[in-house]
Amino acid sequence: MGRVGAGGTAQAAAAGPLLVLLLLLLARPPPAAAGNSKKSEAGLASEHFTQAPQKLSFYSWYGSTRLFHFRVPPDTVLLRWILHVSQRGPSCTDVEITVHFRYGAPPVINPLGTSFPDNTLNQTSFQVRALLSTMLLDNTSVNISHPAPGDWFVVAHLPPSPQKIQVKGFVPTCDYTFQPDMLAMRVVEVSILEPDVPLPQTLLSHPSYLKIFVPEYTQELRLELQGCVSSVSPGCPVRLTVGAATLPMNFQKVLICASLTPTCHLLLSSPPWGRWLQVSAESLEESHVSVVFSAKAAFTACKPWSVTFHHLMQSNPNQSHGTSTDHLSQIAAYWDLGRSGRGGDGPFCLLNYPVLREDTDVVSVHFQPLTGAFVLVHSKLPSVIQLRLDTGMDSGGSFIITLRANQTEFTNGTLLAACVNVASPFLSFNTSFNCTTAFFQGYPMFLSASSPMANLIIPYPETDNWYLSLQLVCPDSPEDCDHAVARVETILYLVPCLNDCGPYGQCLLLRRYGYLYAGCSCKAGWRGWSCTDNSTAQTVAQQRAATLLLTLSNLMFLVPIVVSVHRSFLLEALVYFYTMFFSTFYHACDQPGEAVLCILSYDTLQYCDFLGSGASTWVTILCMARLKTILKQVLFVLGILVIAMSLQMDRRAIWNLMGPCLFAFVIMASMWIYRCGHRHQCYPTSWRRWVFYLLPGISMASVGIAIYTSMMTSENYYYTHSIWHILLAGSAAFLLPPREEQSEPWACLQKIPCHYQICRNDRDELYTVT
């Protein structure tokens, strides 16, 4: 079997079907593992692969992880990942870094311990955890012997994110960077094992590497060692490892021929179809002892009956596909013909239903049997549907399999058993229902009269050919199934996210170079792979209350609007109205679930909300400076343009807003100092202005900034952010300066004409036309 480890040395794995995982930190790559195509030992060459480093994030959903996609070359016998970690910043801590590995598809992870939807497969991923300080001392490595060729995925992340909402750029942060390197040791010389042809081998200090191609429709593979003798001891001291290692599950077969007989064999049921099978032989004797044997492989092939469109039309052209009783009779007749030996070389082993694959969108595929939605299933042999998910772009979604049948289809206690397998179908329903093939543990599904429907959801399916096998069985009385036939409706499709993440989530398409995969971002306290875990979810009443708090709190801006109009600050009033309008509808659109209202796109509303907050602060401070009208209006426009530009560069960086506002504060302070020096008294001159306006306004602004930058969490966001709205609007109302002495209250409204006027022409007549 394969050897997996984390560390500088790889230990031999014990015999058996399970994978031995040795995690030894502080490893260094071997000297022969660098470079390309350099001989490290006889018949071996090494190759080095790497990818650009990525900045790690604290885990909140799958999009906060960092994905790396590698392709392992064929004939690789040793694979080593070297994990590089670096840190940069003044506030770095000794955090724990988790790295997941999986073959064929991105790892399915669950750091938050949330529940998955019903009927969803949840395989625990193979992972390595280490503290930052440990990984910085020396590079951590993970070793895998005899890895499967093809796609391998590495996912890294930091611990679950804290509840506190961090304002970007306000406090110093630490950047943790992760970069994996992959070293592959592959065999240059591999012996080809042909069927029924003995291949002589001699083992000394190095193992012998073989491979054999398994054709399609292979029912059984028999590997046999013949004439095995040792130069110093009787028996056959050889360990034979068959198959490739995969993660998180491994089903390599190990055969130890330690008996005194010179012959031993390994029988594999349903080996992977249409691919090369790796075989390695190692001597159990010392390096100077030679062991001689001959390896032989033999296949047992089965004969498929392909249910094609042509056969269906011949059976009954006047009926819909998959519903003809004549078609059933014809299939049974052909099967009996093959069973008796008159129709070919051997019996039929399966009914093969061709499938139409329809690509509907990115990571979206629909499978439709050519016979229609229904598949005919009976007890004499399994019905098999091949599902091709081997394009390399199908592993980033969720594969959904639904089987339905009428209750009347099940009589005399019949049971429909189904198995979903990778690489080869399960064909042994007459002996067991465990769905186990040679190198894969399948997923069983059952239909009966009491349960006529079954669902199976496979998140991130492996890149390979999948097979759905169905057969009728009678556990209590097998003779009742001799003539039983059932019609089963199959619904087979691949989607980016299950149910589009539901009403409390958003399905987002993620990309790593050219590879696309999808994940669910949940809201309103919902969690889980598909946002179905409601253990911390908000009720509908809580959602509505949160929406009302965040939207109605913006009505506090009516106070500075009224004050501005009363004091003839019309531009300031327009800015406050803009902020109130877009902040209200942004938070109405930002809510999940039922309490949602979006008048524009979410991104547009968010940008306008952020722009309004910055512009309100800018115009309030400049208004306090009491500049000349022309200069104030120029600075209004210039500052808002600068704020708009900075928000386009980075919307969430605090200094993009604080920078212009600090500049406005410098202008205001300069004008106040100038007036103090010019008038030889403090400005503003009235103590009432300080006590009843400036100090309350400054206090409200200070408390609001403190709440915004250091007190908001995902738990209290709804009321702390609402308080922020109230404090921001209230501080603006208090800090606005009094109106000019020469202006009247509501002067701007008095300039709006509300009646007709008779105009008199006072021009003098300059000339007369006669």
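In this text, all values refer to a predicted model and were calculated from it rather than measured experimentally. (Residues numbered from 1 in each chain as written. Predicted model: local features only at pLDDT ≥ 70, side-chain atom pairs only at ≥ 80, totals over all residues. Heavy atoms only, no water.)

Colleague: Looking at this structure, how should I read the state of the cysteines?
Modeller: A disulfide bridge is the covalent bond that connects two cysteines by way of their sulfur atoms. One pass over the structure, following the stated rule, counts 8 disulfides. Two residues, Cys228 and Cys236, share a disulfide whose sulfurs are 1.9 Å apart. Taking the sign of the S-S torsion, about 85 degrees here, the bridge from Cys228 to Cys236 comes out right-handed. Considered together, Cys228 and Cys236 belong to a single accessibility category, that of buried residues. Each sulfur of the disulfide joining Cys497 and Cys507 lies 2.1 Å from the other. Taking the torsion about the S-S bond as the criterion, the Cys497 to Cys507 disulfide, at about 75 degrees, is right-handed. In this pair, Cys497 is assigned in the loop between β34 (485–495) and β35 (505–512) and Cys507 in strand β35, connecting sequence segments 10 residues apart. (Disulfide = S-S within 2.5 Å. Buried < 20%, exposed > 50% of the residue type's maximum accessible area, 1.4 Å probe, protein only. Helix = DSSP H or I, 4+ residues; strand = E, 2+ residues; numbered from the N terminus.)

Colleague: Quick question: what am I supposed to make of the environment of Ala732 here?
Modeller: Along the chain, Ala732 turns up in helix α11 (residues 717–735). For the pair Ala732 and Ser616, spaced 116 residues apart in sequence, the C-alpha to C-alpha distance is 8.1 Å.

Colleague: Sorry, what's going on with unusual backbone geometry here?
Modeller: Residues other than glycine predominantly adopt negative phi, and peptide bonds predominantly adopt the trans conformation. Leu247 connects to Pro248 through a cis peptide bond whose omega is 10 degrees. As for its placement among the helices and strands, Pro248 is situated in the loop between β18 (238–242) and β19 (253–257). For the bond from Tyr683 to Pro684, the omega torsion is -5 degrees, close enough to zero to count as cis. Of note in the backbone geometry, Asp75 takes a positive phi value of approximately 60 degrees without being a glycine. In this structure, Asp75 sits in the loop between β7 (66–72) and β8 (76–88). We classify Asp75 as partly exposed; its relative accessible area is 22%. Positive phi values are uncommon outside glycine, yet Ser568 reaches one of about 65 degrees. Looking at the secondary structure, you find Ser568 in the loop between α5 (558–566) and α6 (570–589). Given the relative accessible area of 27%, Ser568 is considered partly exposed.

Colleague: Help me out: how do you make sense of the pattern of salt bridges in this one?
Modeller: Pairing is possible between side chains of opposite charge, provided their charged atoms come close. Throughout the structure, instances matching the rule amount to 14 salt bridges. Between Asp151 and Arg71 there is a salt bridge, with its nearest N and O atoms 2.5 Å apart. Remark: Arg71 occurs in strand β7 and Asp151 occurs in strand β12 (residues 150–160); sequence separation between them is 80 residues. For Arg357, the salt bridge identified is with Asp359, shortest N-O distance 2.8 Å. Residue classification places Arg357 among the partly exposed positions, given a relative accessible area of 24%. Overall, the relative accessible area of 52% leaves Asp359 in the exposed class. Overlapping salt bridges bring together Lys55, Arg88 and Asp175 as one network. (Salt bridge = Lys/Arg side-chain N within 4 Å of Asp/Glu carboxyl O.)

Colleague: I keep staring at the pairing of strand β36 (residues 515–522) and nothing clicks. Help me out?
Modeller: Note on strand geometry: in a regular strand, side chains alternate between the two faces of the sheet. The element β36 is largely enclosed, with a buried count of 7 among its 8 residues. Judged from the 8 bridges that link them, β35 and β36 form a sheet pairing that is antiparallel. Its bridge partner being in β36, Leu509 is matched across the sheet by Ala518. Between β35 and the antiparallel strand that follows it, β36, lie 2 residues; Tyr513 among them carries a positive phi value of about 55 degrees. (Pairing = 2+ DSSP bridges.)

Colleague: Just to check I follow, could you spell out the packing of aromatic side chains for this structure?
Modeller: Overall, the coordinates contain 35 aromatic pairs when judged by the stated rule. An aromatic cluster is present here, built from Tyr62, Phe116, Phe153, Tyr460, Tyr515, Tyr517 and Trp529 joined pairwise through their rings. Over the ring of Trp276 we find Lys211, and its NZ or CZ is 4.8 Å from the ring centre. The positively charged end of Arg675 is found above the aromatic ring belonging to Tyr683, 5.2 Å away from the centroid. (Phe/Tyr/Trp six-rings, centres within 6.5 Å; stacked < 30°, edge-to-face > 60°. Lys NZ or Arg CZ within 6 Å of the ring centre and 35° of its normal.)

Colleague: Help me understand the side chain of Thr463, please; the structure alone is not making it clear to me.
Modeller: Secondary-structure assignment places Thr463 in the loop between β32 (453–459) and β33 (464–473). The exposure class assigned to Thr463 is buried, which follows from its relative accessible area of 17%. Discounting chain neighbours no more than four positions away, the residues touching Thr463 are Gly104, Asp151, Leu389, Asp390, Gly392 and Ser395. (Contact = heavy atoms within 4.5 Å.)

Colleague: Would you explain a nonpolar patch on the surface in this entry?
Modeller: A surface patch of nonpolar side chains, amounting to about 440 Å² of accessible area, comprises Phe577, Phe581, Leu597, Ile599 and Leu600. Relative to the helices and strands, Ile599 is located in the loop between α6 and α7 (602–624). (Patch = residues over 30% accessible without salt bridge, like charges linked within 9 Å, V, L, I, M, F, W, Y side chains within 5 Å. Areas by Shrake-Rupley, 256 points an atom, 1.4 Å probe, with all protein chains shown as cover.)

Colleague: Which parts of the structure should I look at to understand the sheet that holds β18?
Modeller: Sheet strands pair by backbone hydrogen bonding; their relative direction is either parallel or antiparallel. Taking strand neighbours across the sheet as the criterion, the 5 strands line up as β14-β16-β21-β18-β19 in an open arrangement whose pairing is mixed. The strands lining the two open edges of the sheet, one partner per strand, are β14 (191–192) and β19.

Colleague: When you look at helix α10 (residues 687–710) in this model, what are you seeing that I'm missing?
Modeller: Structurally, the α-helix is built with 3.6 residues per turn, so residues lying three or four positions apart point the same way. For α10, with 24 residues, the first-to-last C-alpha span of 33 Å sits near the 34 Å given by 1.5 Å per residue. All buried positions along α10 are accounted for by Arg689, Leu694, Gly697, Met700, Gly704, Ile707 and Thr709. Lining the buried residues of α10 we find α7, α9 (655–679) and α11. Put simply, Ser686 is the residue that caps the front of α10, since its side-chain oxygen is 3.3 Å from the backbone nitrogen of Arg688. (Expected span 1.5 Å × (residues − 1). Polar contact = N/O pair within 3.5 Å; in protein donor to acceptor, adjacent residues only side chain to side chain.)

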